[in-house]
Amino acid sequence: MARVVIIGIGHGVFGRRSDATVQELAFEAFRAAIEDAGIERDLIDASVIGSVPEYHKQRSLSGVVQEYLGLNPKPVWLTEVACASGSAAIRTAWMSIKAGVHKVVAVVGCQKMTELTTPEILALMGRVGEVQWESIFGTTFPAYYAMFAQRHMHEFGTTHEQMLQVAVKNHHYGSMNPCALFQKEITMEKALASELVATPFNVYDCCANADGAACVILADEATAKKLSKKTVWLDGMGAATASMSVLRRPDLVGLPSAQEAARVAYAMAGVKADDINVAEVHDCFTIAEIMAYEDLGFCKRGEGGKFIEERRTYIGGKVAVNVDGGLKSKGHPIGSTGVSMTVEIAKQLRGEAGERQVPGAGVGLTHNVGGIGQYTFVQVLRRE
Amino acid sequence: MFKWFGKVNFSPYTKVSDFAQHLKDGRLMGSRCKKCGATSFPPRADCGKCLSGDFEFVEISGKAVLHTYTKIVAAPTGFEDVVPYTVGVVDLKEGGRLLAWIGESIAEKEIKIGMDLQVVPRIFEELEEIKVYYSLEKPGTTWGRASEGGAA
């Protein structure tokens with residue numbers, strides 16, 4: 001079957017964007033992607049919005065975005081699977097092209113989170129746990145991942161310092177990313193001294209809420225070859241789920257949805273974990289990146305802590321991970337994050353990542369997790 | 001009366017509503033499918049194995065082992081007045097898991113993954129309206145003893 005191709009990428013500035021509405025944020029990323037693709041807007045057959053609607057005052061976001069991007073009367077729809085909404089949007093665009101329904105589809109991840117206060121966001125995010133049996137105890141999103149961290153420490157001897165080494169790495173690369181919310185290096189001393197959130201996590205274990213948008217334009221192979229020279233191939237598309245309630249998971253040291261999505265994506269693309277040169281993984285919390293190394297097969301279960309300690313995920317290591325700064329440094333506008341990951345991998349495979357370029361990157365991966373691993377999407381992308 | 005369950009309740013209507021009445025009376029209940037016998041905690045009305053909707057409540061002992069925990073300092077809306085609090089996930093002796101606050105019978109420095117715990121039905125005694133929950137306490141802790149201390 002014909003391959004699906006990324007022909008354009010665009011990324012807005014992530015941060016506390018009190019200067020813009022959500023559709024204005026979407027426009028920034030969309031305009032950049034159209035200019036990057038070098039195509040006329042009229043060529044776009046449809047668009048898919050990745051966003052989580054509860055955060056916006058505007059109801060039915062797709063409508064206002066589609067109008068503002070000037071894409072009426074073309075069809076638009078929204079995908080929502082919490083923090084994986086962006087990758088879900090890419091998947092439905094990919095499906096529509098694979099099915100031959102559309103030839104060129106714009107995927108826009110856009111989110112404005114700061115219309116709500118931090119306690120409101122904590123309450124909303126905590127309710128991605130099961131509300132009937134868990135949220136009644138005031139669970140929060142950091143608390144869930146913190147419980148995975150505690151169990152990981154208990155079973156494998158992973159240390160809090162190893163977790164914070166993820167933060168130090170991601171802030172290091174984030175300092176080179178002009179679209180990131182935090183563009184500053186941090187030290188281990190500073191990370192260790194930051195305020196407690198939920199044991200063992202302190203502030204530097206957690207990503208920050210943010211506003212922002214990212215966009216990719218996908219096309220079928222024949223159309224892409226006519227329109228563009230800057231092609232990146234979307235060759236492996238894995239998606240999987242796990243129970244909503246963490247009480248019904250087999251264990252609390254990894255994400256079964258990520259393991260399954262990776263298996264599917266690797267098989268579809270015909271690659272192994274060892275073939276990946278550069279990866280974007282869902283580091284909403286530091287432990288999440290360590291579990292991602294293990295779930296994706298970059299290292300063995302239980303060895304993720306050692307893997308970061310030995311700097312194996314820096315550029316020049318076994319596999320470069322989150323060299324755009326990750327969620328940790330970019331901030332996490334939840335519906336945009338998956339699209340942001342794909343933009344970065346496309347940039348890396350095109351060799352356009354500047355001072356954070358992974359030399360010779362030919363195969364890349366994205367790992368976008370919704371909630372506490374209820375949903376995971378894994379993409380394998382190729383330069384050729 | 002499932003609206004009784006939890007300091008803040010998000011799902012007052014459910015097919016396992018009687019769970020909260022049992023809890024108020026000091027009984028912790030799981031569910032058993034009347035058709036295939038599959039058991040579950042948390043209880044569920046519709047069998048995840050055979051899809052039957054015919055279930056019954058079965059009392060469980062509340063004996064449990066701590067699987068993991070965290071002390072929450074940054075609280076969501078509705079929980080600001082009880083912060084900080086520690087939530088634990090336990091493996092229940094009869095199977096299944098439960099998430100709850102670790103109660104006042106256990107000092108913070110005593111908390112250890114793998115420790116034995118007892119799930120104890122509780123009532124928020126300082127609240128006028130009926131609010132029930134359960135907490136994780138030292139083995140041997142009874143309903144009356146634990147509730148003397150008020151909320152966790």
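Small disclaimer: the values here were computed from a predicted structure and weren't measured.

With that out of the way, let us pick up the overall build of chain B. The helix and strand inventory of chain B stands at two helices and eight strands. In terms of C-alpha radius of gyration, chain B reaches 16 Å, essentially the compact-globule figure of 15 Å for 152 residues. Within chain B, the proportion of its 152 residues that are buried is 43%. At a minimum sequence separation of 6, the contacts of chain B that also span at least 24 residues come to 49%.

What follows is about the interface of chain B and chain A. Accessible area lost upon the coming together of the parts serves often as the stated size of an interface. The interface is formed by 33 residues belonging to chain B together with 29 residues belonging to chain A. Of the residues forming the side of chain B that touches chain A, the biggest block, six residues, is contributed by strand β4 (residues 63-72) of chain B.

Residue and element names in this part refer to chain A. Two numbers describe how helix α1 (residues 22-37) lies on helix α2 (residues 61-68): the axes approach to 9 Å, and their chain directions differ by 50 degrees. Taken together, the axes of α1 and α2 are oblique relative to one another. In the crossing of α1 with α2, the sense of the turn from one axis to the other is right-handed. Facing α1, whose interface residues are Val 22, Gln 23, Ala 26 and Phe 27, α2 presents Leu 61, Val 64, Val 65 and Tyr 68.

This paragraph deals with the domain arrangement of chain B. All names here are of chain B. For chain B, the domain assignment lists domain 1 (2-59) and domain 2 (63-140). Taken together, the contacts link 14 residues of domain 1 with 16 residues of domain 2. Among the secondary structure elements, those contributing two or more residues to the side of domain 1 that touches domain 2 are α1 (18-24) and β2 (39-40). The biggest single contributor to the side of domain 1 that touches domain 2 is α1, with three residues.

Let us now look at the sheet that holds β2 of chain B. Pairing between the strands of a sheet is mediated by backbone hydrogen bonds and can be parallel or antiparallel. Residues and elements named next belong to chain B. Taking strand neighbours across the sheet as the criterion, the three strands line up as β2-β1-β3 in an open arrangement whose pairing is antiparallel. If you trace the sheet from one side to the other, it starts and ends with β2 and β3 (55-59), each paired once. Pairing of strand β1 (residues 29-33) with β3, which is carried by five bridges, proceeds in the antiparallel orientation. Within the sheet, the bridge partner assigned to Cys 33 lies in β3 and is Phe 55.

Our next topic: the sheet that holds strand β9 (residues 278-281) of chain A. Residue and element names in this part refer to chain A. Spatially, the ten strands line up as an open sheet ordered β3-β2-β4-β7-β1-β8-β12-β11-β9-β10, and their pairing is mixed. Since the sheet does not close on itself, it has two edges, and those belong to β3 (76-79) and β10 (320-321), each with one partner. Here strand β1 (residues 4-11) runs beside strand β8 (residues 232-241); their pairing, made up of three bridges, is antiparallel. Among the inter-strand pairings, Ile 6 is bridged to a residue of β8, identified as Val 232. Helix-sheet contacts for α1 involve β1, β4 (104-111) and β7 (212-220), and the interaxial angle to β1 is about 125 degrees. Of the strands in this sheet, β8, β11 (363-370) and β12 (375-382) are in contact with helix α9 (residues 256-269), which crosses β8 at around 145 degrees.

The rules behind the values
Residues numbered from 1 in each chain as written. Chains lettered and ligands numbered in written order. Predicted model: local features only at pLDDT ≥ 70, side-chain atom pairs only at ≥ 80, totals over all residues. Helix = DSSP H or I, 4+ residues; strand = E, 2+ residues; numbered from the N terminus. Rg over C-alpha atoms; globule rule 2.2 N^0.38 Å. Buried ≥ 20, exposed ≤ 12 C-beta atoms within 10 Å, placed from the backbone. Contact = placed C-beta atoms within 7 Å. Axes fitted to C-alpha atoms, helices over the stretch in contact; angles between N-to-C directions. Parallel < 35°, antiparallel > 145°, perpendicular 65-115°, else oblique. Left-handed = near helix turned anticlockwise from the far one by under 90°. Domains from an automatic or database assignment. Pairing = 2+ DSSP bridges.

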